[in-house]
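If you want the building blocks of each chain, they are given just below.
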Amino acid sequence: MSRRGEPLVRVAVVGAGSWGTTFGKILADGGAHVTMWARRAELAHEIDEAKRNSQYLPGINLPREMTATHHLSEALEGADQVYLSVPSQTLRENLKAVRPLVAKTDVPIVSLMKGVERRTGLRMSQVIQQELDCDPSRIAVASGPNLALEIAREQPTAAVIASTSQETADAVARRARNRYFRSFVNTDVIGTEFGGVLKNLIAVAIGIVDGVGYGENTKASIITRGLVEMTDFAVAQGAHHETLQGLAGLGDLIATCQSPLSRNNTAGRLLGQGYRFDDVVKQMNQTAEGLASVAPVLQLAKEAGIEMPIVEQVKRVLDGTMDPREIAPHLTTDDDEPKGERTQNGQAGGGGALWRSIQRTLDQLRNSGRRPPRDQP
């Protein structure tokens, strides 16, 4: 029995990196019995026996309710919910092994990943639907200002759970909550996923200018204009602009751009310091999803007729065709004619909409101790 007097819920987390392990801790601290799947047997053994993941979460003690195995069938057996936390570019390959193990179930499948598939430009939920051949109503995605180490240290934060099925979103959100973590819900899967993808690209840009040595004015300008790019792109793909003003958009953008814990920020900072792309990849202990998402996002933007000068300049730095010191995407315009400052969804009107976005995110965080409302009007 769980600590709430309910039958013990069994969940599986596929992937034992920093975020997968942290989310496993969130679920275990919320009353579930969690089985982690780790690709490496030695990592599974450390989590299972020592209740530690010293490579990805140094200094963190994991709950007794967390176990681990490197046998996928063992991890998924009897699971009431399955959470996926593997690098986005290896998801399809991993799902081929998952499919026969969940084919005869209707359990929710939850994506913890923030990327798009390089070859196809598909979001993670779309890859899951394709490879598992399952109803999209079974699929949920989690996103928000969620730096793994801070949450593992039980610093309070919130996230958004999105699914086309309100029932699925509610079921996952009820499980993914505890005294330091709260989950809000919405049905805008497109906006929630693209918020998590696009903020990584802006964070790379912020890391670049930080590595170059530019100050707060430059970074604030790029963050603000970056939110416009994120919203324009996501809305063109079918998202609700309100989603980009919430935790999955603005909230995640702020956290990822300002924190040295962000892998994408770190990757950008190395680029700004003059390291080549290949050298950055070698230095990174974990995957910086933003680096792999730049090209497919720009292709989608081109097809939708959306201009993304910040992401374009990030790509040029990655390609080695632009000196990081020349990056100034917030200065890019079509011509020299003065232009109005667009805010969310192409609207004009100064900073009012941006301030309302910030206020909404702060209100969500303040209300995280109460019953989670829907993350939409």
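The structure displayed is predicted, hence computed values, not measured ones.

> Looking at this structure, I do not really get the packing of helix α4 (residues 91-102) against helix α5 (residues 124-132). What am I missing?
The packing of two helices is summarised by the inter-axis angle and the distance between the axes. For the pair α4 and α5, interaxial distance at closest approach is 9 Å and the crossing angle is 45°. As judged from the angle between their axes, α4 and α5 are oblique. Here the hand of the crossing between α4 and α5 comes out right-handed. Facing α4, whose interface residues are Leu-91, Arg-92, Leu-95, Lys-96, Val-98, Arg-99 and Val-102, α5 presents Met-124, Val-127, Ile-128, Gln-130, Glu-131 and Leu-132. Residue composition of the contact of α4 with α5, by class: eight nonpolar, one polar and four charged.

> Could you clarify how one ought to interpret the sheet that holds strand β6 (residues 139-143) in this entry?
Hydrogen bonds between backbone groups are what pair the strands of a sheet, and the pairing can be parallel or antiparallel. The eight strands are arranged β3-β2-β1-β4-β5-β6-β7-β8 in an open sheet whose pairing can be described as mixed. Both outer strands of the open sheet, β3 (66-69) and β8 (181-186), are each paired with one neighbouring strand and no more. Taking each pair of neighbouring strands and ignoring which way they run, the sheet shows an average axis angle of 25°. Both strand β2 (residues 33-37) and β3 contribute to a ladder of four bridges, which runs parallel. Note that in β3 the partner of Trp-37 across the bridge is Thr-69. Against the sheet, helix α2 (residues 41-50) engages β2 and β3, with an angle of about 155° to β3. Seen against the sheet, helix α11 (residues 247-258) touches β6, β7 (157-162) and β8 and runs at an angle of roughly 145° to β7.

> What is the right way to read helix α8 (residues 189-212) from this model?
Two residues of an α-helix separated by three or four positions point the same way, owing to the 3.6 residues in each turn. Here α8 contains 24 residues, and its C-alpha end-to-end distance of 36 Å stays within 8% of the 34 Å for a straight helix at 1.5 Å per residue. Taken across its 24 residues, α8 has 22 buried, putting it largely inside the fold. Positive backbone phi, approximately 110°, marks Gly-213, located one or two places after α8.

> Even after reading the chapter, I still don't get the pairing of β6, so can you show me in this structure?
Remark: a regular strand shows side chains that alternate across the two faces of the sheet. Extensive coverage of β6 is indicated by the burial of five of its five residues. Side chains Ile-139, Val-141 and Ser-143 project from β6 onto one buried face, and the interleaved Ala-140 and Ala-142 project onto a second face that is buried too. Where strand β5 (residues 109-111) and β6 come together, three bridges link them in parallel fashion. If you follow Val-110 over to β6, its bridge partner there is Ala-140. Between the parallel pair β5 and β6, the chain is carried across by α5, and the sense of this crossover is right-handed.

> Is there a simple way to explain unusual backbone geometry in this structure?
Among all residues save glycine, negative phi is the norm, and among peptide bonds the norm is trans. Of note, the phi angle at Lys-51 is positive, near 55°, even though the residue is not glycine. With respect to the helices, strands and loops of the structure, Lys-51 is situated in the loop between α2 and β3. Within the chain, Asp-133 stands out as a residue other than glycine whose phi angle is a positive 50°.

> Looking at this model, I keep getting lost on helix α1 (residues 18-29). Mind explaining?
In a regular helix each residue adds 1.5 Å, so twelve residues correspond to 16 Å; α1 covers 16 Å between its end C-alpha atoms and thus fits that length. Most of α1 is tucked away, with eleven of its twelve residues classed as buried. Taken residue by residue, α1 has Ser-18, Trp-19, Gly-20, Thr-21, Thr-22, Phe-23, Gly-24, Lys-25, Ile-26, Leu-27 and Ala-28 as its buried positions.

> Teacher, can you tell me more about the packing of aromatic side chains here?
Here the distance between the centres and the angle between the planes together describe a pair of aromatic rings. Scanning all chains against the criterion turns up four aromatic pairs. Taken together, a centroid distance of 5.9 Å and an interplanar angle of 80° make the contact between Phe-23 and Phe-181 edge-to-face. Here Phe-23 is found in helix α1, whereas its partner Phe-181 is found in strand β8, with 158 residues between them in sequence. Relative accessible area serves as the criterion here: at 1%, Phe-23 is assigned to the buried category. In this structure Phe-181 comes out as buried when scored by relative accessible area, which is 0%. Pairing Phe-194 with Phe-233 gives two aromatic rings, centres 5.0 Å apart and planes at 85°, and the pair type is edge-to-face. Taken together, the positions of Phe-194 in helix α8 and Phe-233 in helix α9 (residues 216-236) put the pair 39 residues apart, joining distant regions of the chain.

> Quick question: what am I supposed to make of the pattern of salt bridges here?
Opposite charge on two side chains makes pairing possible when the charged atoms of those side chains draw close. Applying the stated criterion across every chain, the model contains 14 salt bridges. Measuring nitrogen to oxygen at the nearest pair gives 3.3 Å for the salt bridge that ties Lys-96 to Glu-131. With Lys-96 in helix α4 and Glu-131 in helix α5, this pair connects stretches of sequence that are 35 residues apart. With a relative accessible area of 52%, Lys-96 lands in the exposed category. Salt-bridge contacts for Asp-210 lead to Lys-219; the nearest nitrogen and oxygen are separated by 3.2 Å. A residue is classified by how much of its surface remains accessible, and Asp-210, at 31% relative accessible area, is partly exposed. We classify Lys-219 as buried; its relative accessible area is 13%. Sharing partners across several salt bridges, the network here consists of Lys-25, Asp-29, Glu-154 and Arg-179.

What counts as what
- Residue positions are given per chain, counting from 1 as you read along its sequence in written order.
- Reporting in this predicted model follows two pLDDT cut-offs: at least 70 for local features of residues, and 80 or more for side-chain atom pairs to be given and counted; totals over whole chains, interfaces and linings ignore these cut-offs and use all residues.
- Water and hydrogen atoms play no part in the side-chain values, which are based on all heavy atoms of the structure.
- Axes here mean lines fitted to C-alpha atoms, for a helix over just the part in contact, with angles spanning 0 to 180 degrees between N-to-C directions.
- A helix here means a DSSP run of H or I that spans at least four residues, while a strand means a run of E at least two residues long, and both kinds are numbered starting from the N terminus.
- Relative orientations are named as follows: roughly parallel for angles under 35 degrees, roughly antiparallel for angles over 145 degrees, roughly perpendicular for angles from 65 to 115 degrees, and oblique for any other angle.
- Crossings are classed by handedness, with left-handed meaning an anticlockwise turn of the near helix from the far one by less than a right angle and right-handed meaning a clockwise turn.
- Working rule for contacts: check all heavy atoms of both residues, and any pair within 4.5 Å makes them a contact.
- The nonpolar class holds Ala, Val, Leu, Ile, Met, Phe, Trp, Tyr, Cys and Pro. Asp, Glu, Lys and Arg form the charged class, and all remaining residues, Gly among them, are polar.
- Strand pairing follows a simple DSSP-based rule, namely that at least 2 bridges must link the two strands.
- A helix is expected to reach a length of 1.5 Å times the quantity of its residues less one.
- Using a 1.4 Å probe on the protein chains alone, a residue whose accessible area is under 20% of its type maximum counts as buried, one over 50% counts as exposed, and one in between counts as partly exposed.
- Think of it like this: strands point away, you trace from the first strand over the helix to the second, and a clockwise trace means the crossover is right-handed.
- Each aromatic pair joins two rings of Phe, Tyr and Trp (for Trp, the six-membered one) with centres within 6.5 Å, and gets the label stacked for planes under 30 degrees apart, edge-to-face for over 60, and tilted for any other angle.
- Only one rule defines a salt bridge in this text: a Lys or Arg side-chain nitrogen within 4 Å of an Asp or Glu carboxyl oxygen.

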